[in-house]
Amino acid sequence: MMSLCRNLAVLLLFLIASPLPHSHLFTHATSTTARATRPRIIFLTGIGSEGDNGDDDYDYEKPTVPTQVVKSVQNPLVHQAPKLCHYDFCLENQEPCDQISAKTGCLCPGVSGGDQPPHSPRIQELVPITRGGDRGKIEIRWCAPCSVVTGYKVVIEGGEVLEFEDVSRRGLVRSMEVGTNVCVEAVNGAGHSIPSDFSCMRYEHPESSDHKLLAGIIGGGVALLLVIIIAAVVLWKHQMRKKAKRDSANGLGNPSYSTEGTL
């Protein structure tokens, strides 16, 4: 019995004095605690990179450079709409649009080249001249086409043809009858334009202000005369009605007077 107790006491002292199991248990407990409470550190490595790679240990390595950099400011200049040249196709004696473009960098409207016949110009109006030395003539006004033009021709019905320079936008022609057809053609080295509905116009003489005034006076006089006639007719009917009533009253009085005298 004493021997058994002695053996148990020795075994207990051995277990207490041995550092290995206790140290192993303490280390495991400390490691478990540290892993449970230690904060996770995430490194921001730039656009498209991930700071958390799934490892719970601290990562003190230098952040990797992203393989593809987004070029957010590659074109700093804002795209601007092209500036069109200040060129009026209906204005006479202008500087050619290609020369304006060479000076200012503006864009001219699209035009056909000189190796193609020009498009048809657009005729605006036929205006008769009523004053000055050109009185009696007719001024033709037109707008240039979107083509290379070296000159213009005005073709009047009946065979007359007049030529004008490429910078011209109007021309004077002789007096013509109402209804005469007038066409404007553009010309260059490749040929001339084909007449169209908007490059031809028939002359219609507009009424002058004197004619309008005369027509107004005549119309006013006729209207006044009609009013006078209607008023006279109404007055005559009224007088005739009064006379009829008066005659009717006199005719009824005389027979009654004669009857009383006979009785």
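Here the structure is shown first, and the text comes after it.
A short tour of the structure in this document, coming up. (Residues numbered from 1 in each chain as written. Predicted model: local features only at pLDDT ≥ 70, side-chain atom pairs only at ≥ 80, totals over all residues. Heavy atoms only, no water.)

**Re the overall build of the protein chain**
The line we're drawing: In this text, helices come from DSSP runs of H or I with a minimum length of four residues, and strands from runs of E with a minimum of two, each type numbered from the N-terminal end. For every residue, the accessible area obtained with a 1.4 Å probe (protein chains only) is divided by the maximum for its type, and the residue is called buried under 20%, exposed over 50%, and partly exposed between those limits. For every accessible area listed, the method is Shrake-Rupley and the probe measures 1.4 Å; residues are considered covered only by the protein chains on display.
Summing up its helical and strand segments, the protein chain has four helices and eight strands in all. Mapped from its N terminus to its C terminus, the protein chain presents α and β elements in the order α-α-α-β-β-β-β-β-β-β-β-α. Split into buried and exposed, the 263 residues of the protein chain put 17% on the buried side. Of the roughly 20,800 Å² of accessible surface on the protein chain, a fraction of 60% belongs to carbon and sulfur atoms.

**Description of the pattern of salt bridges**
Pairs may arise between side chains of opposite charge once their charged atoms sit close together. Selection criterion: A pairing counts as a salt bridge when a side-chain nitrogen of Lys or Arg comes within 4 Å of a carboxyl oxygen of Asp or Glu.
Following the criterion strictly, the structure yields eight salt bridges and no others. Here glutamate 92 ties to arginine 170 by a salt bridge, and the two come within 3.1 Å at their closest N and O atoms. With glutamate 92 in the loop between α2 (20–37) and α3 (97–104) and arginine 170 in strand β5 (residues 170–173), this residue pair connects regions lying 78 residues apart in the sequence. Residue glutamate 92 is classed as partly exposed on the basis of its relative accessible area of 24%. On the basis of relative accessible area, arginine 170 is assigned to the partly exposed category, the value being 43%. Salt-bridge contacts for lysine 103 lead to glutamate 95; the nearest nitrogen and oxygen are separated by 2.8 Å.

**Some remarks on the nonpolar core**
Test applied: Nonpolar cores are built from buried Ala, Val, Leu, Ile, Met, Phe, Trp, Tyr and Cys residues. Side-chain atoms within 4.5 Å join them into one set. Contacts are residue-level and defined by heavy atoms, with any inter-residue pair within 4.5 Å sufficient.
Judged by nonpolar contacts, the single largest core of 22 residues is most densely connected at Leu126, Ile140, Tyr152, Val154, Val173, Met176 and Val184. The set of elements that each furnish at least two residues to this core consists of α3, β1 (122–128), β2 (138–143), β3 (151–156) and β6 (181–188). Not counting the four nearest positions on each side in its chain, valine 173 is found in contact with Lys137, Ile138, Ile140, Val154, Ile156 and Leu162.

**A closer look at the state of the cysteines**
Using the following cut-off: Put simply, a disulfide is two cysteine sulfurs that come within 2.5 Å.
On inspection of all chains with the given rule, the structure shows four disulfides. Bridging cysteine 85 to cysteine 106, the disulfide has an S-S length of 1.8 Å. Classification of the bridge connecting cysteine 85 and cysteine 106 rests on its S-S torsion, roughly 95°, and on that basis the disulfide is right-handed. Pair noted here: cysteine 85 is in the loop between α2 and α3 and cysteine 106 is in the loop between α3 and β1, with a separation of 21 residues, a long-range link. Across the disulfide from cysteine 183 sits cysteine 200; the S-S distance is 2.0 Å. On the S-S bond that ties cysteine 183 to cysteine 200, the torsion sits near 110°, and the link is right-handed. Here cysteine 183, found in strand β6, pairs with cysteine 200, found in strand β8 (residues 200–202); they are 17 residues apart in sequence, far enough to count as distant. For cysteine 183, a relative accessible area of 10% gives the class buried. We note that cysteine 146 lacks a disulfide partner, and the nearest cysteine sulfur, in cysteine 97, lies 9.5 Å from it. The exposure class assigned to cysteine 146 is partly exposed, which follows from its relative accessible area of 31%.

**So, the sheet that holds β1**
Our working definition: Following DSSP output, two strands are said to pair if at least two bridges run between them. A fitted line through C-alpha atoms serves as each axis, taken over the contacting stretch for helices, and the angle formed by two N-to-C directions is quoted from 0 to 180°.
Read from one edge to the other, the open sheet built from three strands follows the order β1-β2-β5, with strand pairing classed as antiparallel. Each edge of the open sheet carries a strand with a single partner, namely β1 and β5. Direction aside, the axes of adjacent strands within the sheet are offset by 20° on average. The pairing of β2 with β5 spans four bridges and is antiparallel. Bridge pairing in β5 links isoleucine 138 to valine 173.

**Here we look at unusual backbone geometry**
Although it is not a glycine, asparagine 93 adopts a positive phi angle of roughly 55°. Relative to the helices and strands, asparagine 93 is located in the loop between α2 and α3.

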